[in-house]
Amino acid sequence: MAAPLNASALQAGALISKSRFVIPQFQREYSWQLDEVIEFWSDLSSSIDTGDYFLGLIILTEEDDIKNVVDGQQRLVTLTLLATALFFEAKKLGRKALADRIEADFLRSIDYDTDAQMPRVFLSDPDDNKTLQTILDTGESPQADLLEDSVSFRIVQSFNFLKQKLSADLKKDAFKRLGKWTDFITNQLYFAVFIHPDAASAYTVFEVVNTRGRELTTADLLKSYVLSQTPAADREDRYKQWRAISQSFSSEASGSTFVQYIRHAVTVEYGHVLPKDLYGFLSRKKSQSKSPPSPPELIDLLSKRLPLYRQIDDPTVSGPVEGKALEVFAALNSLNVLTVRPILLALFDLQDPHPGMDYLLRLVVRRIVVGNLGTGNIERRFSEAAKKIWETKDWTALSQDLADLNPPKDEFIGQLRKRSFNKGTLTFVRRSVLQQTTTPKTDGVLHWIWPKNTSEWQGLTDENSFWAATIGNSIIADISARPALASENWEGFKASLLNHAVEGEMVEDLEGYLTWDVESIEKMGRKAAERAGDLWY
């Protein structure tokens, strides 16, 4: 008969002193940033003189006298770091009995058969656990250089902050405050503890808890799912594979680039998947017409496509491609176009991807000028094209299936001449015209000739502001800071900014205008747009 569910409120000292705790591999890693540790310290330090403090829910499963922390690891690890700082302060002051009590309750348990001491809290990842145990052993941060967005860095940062704050707090009356702090974290901090008797259900418990309003990322849930479907004997190797892939991307934005990569890699071979459906699709929890890759197939897929995707995401890193391909990657990134990345992955399965890449870049720029790429329908069509390229090993699916997205040259010129664009788009297009290449270098800075926030320009007012962000009113210069004189009037612009125009700029044309007004902007816009049309078609 299954053991009954066990839920209770326990003092932190009573809970931690009775067991050992492991943060399982399916859990997210320690993720608290400094602001969260500051809040943790602030809450505790303001409550130490007022009474009990509730630390929140902690969910555990039991396996071989070890408790797996399904939820609550951020608070548990941070409390362990605070207890470590208390332990070493007690030793420094010669309070051996107090130090021994802190160590026994919060830091180490004893194997009664061997007298060996074992940490009460340990992490599944070997490197991060080494960092934590070094702090527990020495009371000092490891000397090794740590990546700023790594788990170990966050652990060290949290400990250093708590150690500093505790040291400052103890200056009031070190002997008395040490005793008060120890009594507080032992007897006046409470967890609401839920223990699930079935360790095999830990993954399910984790998923349920963390999909009910908890701030858990898709990457966390996918890692949990992949490990839950991996035999125990292979789980350590699978965890290392997953971690190696995920660490190829920055942890910023909750691992959004990593999740984006998963979706793009899957799209190539399995078709379009919406961001909100990715976890449901891969974990088979969502009704669907197509079968997803199994966890081993997913890991193989992600490992295979990772080196290329890293270059697509950042063309400055080393990888399998070089030359013109990297220039195309950089061009698409400067335009902030991400939806075509599955197509790029598919193209590089071909013997010669370059004709397809050239067509894709031209299609993207043409479409941006006459319309947009921001709709879900366009992303879906790009995804379908990527899958067709992968299946047929033929890039012409782009010209066949996306022909209606490709505007005629005269429409491109007409829209580029008169439409307002953001600076990023116009900078790229104007650079391409000046350098006569579809993959221009990032030389110079775009400036508006007439800055619409000034009223000194004859013939240009707020009523004409539509023309301020058009290609005819732009220039690429070799300085980033606009001279003050260039904002006063047309003569001031010619005297102080025109002479900073980059090579290839239309300086002679601009010098021919006696005044700068709407008619001037229209004429310059038409000339620049026609040159762009000749290049991009």
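No experiment lies behind these values; they were computed from the predicted model shown.

Our focus in this paragraph is the overall build of the protein. A tally of regular secondary structure across the protein gives 23 helices and ten strands. For a compact globule of 537 residues, the expected C-alpha radius of gyration is about 24 Å, and the protein comes in at 30 Å, more than 25% above that figure. Seen through its principal axes, the protein has C-alpha atoms that stretch 90 × 60 × 40 Å. Burial statistics for the protein: of 537 residues in total, 53% are counted as buried. Put simply, of all contacts in the protein between residues at least 6 apart along the chain, 69% involve residues at least 24 apart. Carbon and sulfur atoms provide 48% of the accessible area of the protein, an area that totals close to 24,800 Å². Distance between charge centres in the protein, computed from 62 positive and 74 negative side chains, equals 2 Å.

Within the sequence span of helix H19 (residues 409-418), burial applies to Phe-412, Ile-413 and Leu-416. Looking straight down H19, one finds its buried side chains confined to an arc of 95 degrees; they lie on one side. Lining the buried residues of H19 we find helix H16 (354-370), helix H20 (423-435) and helix H23 (518-536).

It is worth spelling out the packing of aromatic side chains at this point. In this description, an aromatic ring pair is defined by two values, namely the gap between the centres and the angle between the planes. Summed over all chains, the structure comprises 17 aromatic pairs. Their ring planes at 55 degrees and their centres at 5.9 Å tell us that Phe-329 and Phe-348 sit as a pair that is tilted. One end of the pair, Phe-329, is in helix H14 (residues 324-334); the other, Phe-348, is in the loop between helix H15 (341-347) and H16, with 19 residues separating them in the sequence. One exposure class covers both Phe-329 and Phe-348, and it is buried. Here the guanidinium or amino end of Arg-95 rests over the ring plane of Phe-175, the centre of that ring lying 3.8 Å away. One Lys or Arg, Arg-366, reaches over the ring of Tyr-537 and ends 3.9 Å from the middle of that ring.

Here we come to the confidence of the model for the protein. Per-residue pLDDT for the protein has a mean of 88; in total, 92% of the residues score no lower than 70. Mean pLDDT values over the elements of the protein span from 59, in helix H8 (residues 202-210), up to 97, in H15.

Turning to the pattern of salt bridges, a few remarks are in order. Taken as a whole, this structure holds 29 salt bridges when the rule is applied. Between Asp-105 and Arg-101 there is a salt bridge; the shortest N-O distance is 3.3 Å. In this pair, Asp-105 and Arg-101 are both assigned in helix H4 (residues 96-107), four residues apart and thus about one turn of the helix distant. A salt bridge links Glu-491 to Lys-494; the shortest N-O distance between them is 3.8 Å. Highlighted residues: Glu-491 and Lys-494, both in helix H21 (residues 490-496), separated by three residues, approximately one helical turn. Owing to a relative accessible area of 48%, Glu-491 belongs among the partly exposed residues under this scheme. Shared partners join several salt bridges into a network, and the residues in it are Asp-49, Asp-169, Lys-172, Arg-177 and Lys-180.

The next subject is the packing of H20 against H23. Where H20 contacts H23, the axes come no closer than 9 Å and their chain directions differ by 75 degrees. In terms of orientation, H20 and H23 fall into the roughly perpendicular class. Counted together, Phe-428, Val-429, Arg-430, Ser-432 and Val-433 of H20 and Ala-528, Arg-531, Ala-532, Leu-535 and Trp-536 of H23 form the full contact between these two elements.

The next thing to look at is the side chain of Asn-473. Tracing the sequence through the fold places Asn-473 in the loop between strand S9 (445-448) and strand S10 (474-477). For Asn-473, the side chain forms a polar contact with the main-chain oxygen of Ala-468, separated by 2.9 Å. If sequence neighbours within four positions are ignored, Asn-473 has contacts with His-447, Trp-448, Ile-449, Trp-450, Trp-467, Ala-468, Trp-516 and Ile-521.

Turning our eyes to something else, we now look at the nonpolar core. Soluble globular proteins tend to pack their nonpolar side chains together in the buried interior. The biggest cluster of nonpolar side chains holds 106 residues, and the ones touching the most others in it are Ile-262, Phe-329, Leu-416 and Trp-516. The greatest single-element share of this core, amounting to ten residues, is contributed by H16. Dropping the residues within four chain positions of it, Trp-516 is found in contact with Ile-449, Trp-450, Trp-457, Gln-458, Leu-460, Gly-472, Asn-473, Trp-490, Leu-510, Ile-521 and Met-524. Residues Ile-23, Phe-87, Phe-88 and Ile-155 belong to the second largest nonpolar core, which totals 53 residues.

Our next topic: the packing of helix H2 (residues 34-47) against helix H6 (residues 151-170). The N-to-C vectors of H2 and H6 enclose an angle of 30 degrees; their axes lie 10 Å apart at closest approach. Two packed elements cross with a definite hand, and for H2 against H6 that hand is right-handed. Along the contact surface, H2 presents Leu-34, Val-37, Ile-38, Phe-40 and Trp-41, while H6 presents Gln-157, Ser-158, Phe-161, Leu-162, Lys-165, Leu-166 and Asp-169. A class-by-class count of the residues in the contact of H2 with H6 yields eight nonpolar, two polar and two charged.

What follows deals with the environment of Trp-32. With respect to the element layout, Trp-32 can be found in the loop between strand S2 (20-23) and H2. Sequence-wise, Trp-32 and Ile-155 are 123 residues apart; in three dimensions their C-alpha atoms are separated by 8.3 Å. Apart from the residues lying within four places of it in its own chain, the contact partners of Trp-32 are Val-37, Phe-40, Gln-74, Arg-75, Thr-78, Arg-154 and Ser-158.

A few words now on the environment of Ala-529. When you line up the elements, Ala-529 lands in helix H23. Relative accessible area serves as the criterion here: at 0%, Ala-529 is assigned to the buried category. As for Ala-529 and Gln-415, which are separated by 114 residues in sequence, their C-alpha atoms are 8.5 Å apart. If we skip the residues at most four places from it in the chain, Ala-529 touches Ile-413, Leu-416 and Arg-417.

We now examine the pairing of S2. Successive residues of a regular strand alternate their side chains across the two faces of the sheet. Here S2 shows a buried face lined by Arg-20 and Val-22 and a second buried face lined by Phe-21 and Ile-23. With three bridges joining them, S2 and strand S4 (residues 66-71) adopt parallel strand pairing. Note on S4: the bridge partner recorded for Val-22 is Asn-68. Pairing between S2 and strand S7 (residues 121-123): three bridges, direction parallel. Across the sheet, the residue bridging to Phe-21 is Val-121, located in S7.

Reading the values: rules and limits
Residues numbered from 1 in each chain as written. Predicted model: local features only at pLDDT ≥ 70, side-chain atom pairs only at ≥ 80, totals over all residues. Heavy atoms only, no water. Helix = DSSP H or I, 4+ residues; strand = E, 2+ residues; numbered from the N terminus. Rg over C-alpha atoms; globule rule 2.2 N^0.38 Å. Buried < 20%, exposed > 50% of the residue type's maximum accessible area, 1.4 Å probe, protein only. Contact = heavy atoms within 4.5 Å. Areas by Shrake-Rupley, 256 points an atom, 1.4 Å probe, with all protein chains shown as cover. Lys, Arg positive; Asp, Glu negative; His and termini not counted. Charge placed at Lys NZ, Arg CZ, Asp CG, Glu CD. Arc of directions from axis to C-beta. Phe/Tyr/Trp six-rings, centres within 6.5 Å; stacked < 30°, edge-to-face > 60°. Lys NZ or Arg CZ within 6 Å of the ring centre and 35° of its normal. pLDDT = per-residue confidence, 0-100. Salt bridge = Lys/Arg side-chain N within 4 Å of Asp/Glu carboxyl O. Axes fitted to C-alpha atoms, helices over the stretch in contact; angles between N-to-C directions. Parallel < 35°, antiparallel > 145°, perpendicular 65-115°, else oblique. Polar contact = N/O pair within 3.5 Å; in protein donor to acceptor, adjacent residues only side chain to side chain. Core = buried A, V, L, I, M, F, W, Y, C linked by side-chain atoms within 4.5 Å. Left-handed = near helix turned anticlockwise from the far one by under 90°. Nonpolar A, V, L, I, M, F, W, Y, C, P; charged D, E, K, R; others polar. Pairing = 2+ DSSP bridges.

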